[in-house]
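# Notes for the structure review
So the chains spell out like this:
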Amino acid sequence: QQAGYTPEDIPTLFKLFDCDHNGQLDMAEFRWMLQGMRLGLKKDRAIELYEAFDDDKSGGIDPDEFIKALFPEKYYEMFGDPQAHRNNSSIRS
């Protein structure tokens, strides 16, 4: 758990704070979620986290990226290792 939340909580949190319902949190939605989680982070730290969590640099954070950043071991249990799939595909080619 991180701050009392589990990886399974993250998709529900995202739905609550994803105001435009695009499946990602933009910076404003992310900061609003952090406030709602009562983490007490300053604006500069929230920006740093946002940039770090946006793994694919799309300008938004999806639930998978958030889970991967906070719960890396659980992420691979839940979603598998995408790198392993790429490696297996290239071996078969």
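In this text, all values refer to a predicted model and were calculated from it rather than measured experimentally.

Turning to helix H4 (residues 63-70), a few remarks are in order. When H4 is considered as a whole, its buried residues turn out to be Pro63, Glu65, Phe66 and Ile67. Next to the buried residues of H4 lie helix H1 (10-17), helix H2 (27-36), helix H3 (43-53) and helix H5 (72-79). Here H4 starts with a cap whose side-chain oxygen sits 3.0 Å from the backbone nitrogen of aspartate 64, and that cap is aspartate 62.

Counting 18 residues, the largest nonpolar core has Ile10, Phe14, Phe30, Met33, Ile61 and Phe66 as the members making the most contacts within it. Listing elements by their share of this core, those giving two or more residues are H1, H2, H3 and H4.

Here we come to the packing of aromatic side chains. For the structure on display, the rule yields eight aromatic pairs. Here the aromatic rings of phenylalanine 17 and tryptophan 32 are separated by 4.7 Å at their centres, their planes lie at 85 degrees, and the arrangement is edge-to-face. Of the two residues, phenylalanine 17 is situated in helix H1 and tryptophan 32 in helix H2; the sequence distance between them amounts to 15 residues. Here the aromatic residues Phe14, Phe30, Tyr50, Phe53 and Phe66 are joined through ring pairs into a cluster of three or more.

Calculation notes
Residues numbered from 1 in each chain as written. Predicted model: local features only at pLDDT ≥ 70, side-chain atom pairs only at ≥ 80, totals over all residues. Heavy atoms only, no water. Buried < 20%, exposed > 50% of the residue type's maximum accessible area, 1.4 Å probe, protein only. Helix = DSSP H or I, 4+ residues; strand = E, 2+ residues; numbered from the N terminus. Contact = heavy atoms within 4.5 Å. Polar contact = N/O pair within 3.5 Å; in protein donor to acceptor, adjacent residues only side chain to side chain. Core = buried A, V, L, I, M, F, W, Y, C linked by side-chain atoms within 4.5 Å. Phe/Tyr/Trp six-rings, centres within 6.5 Å; stacked < 30°, edge-to-face > 60°.

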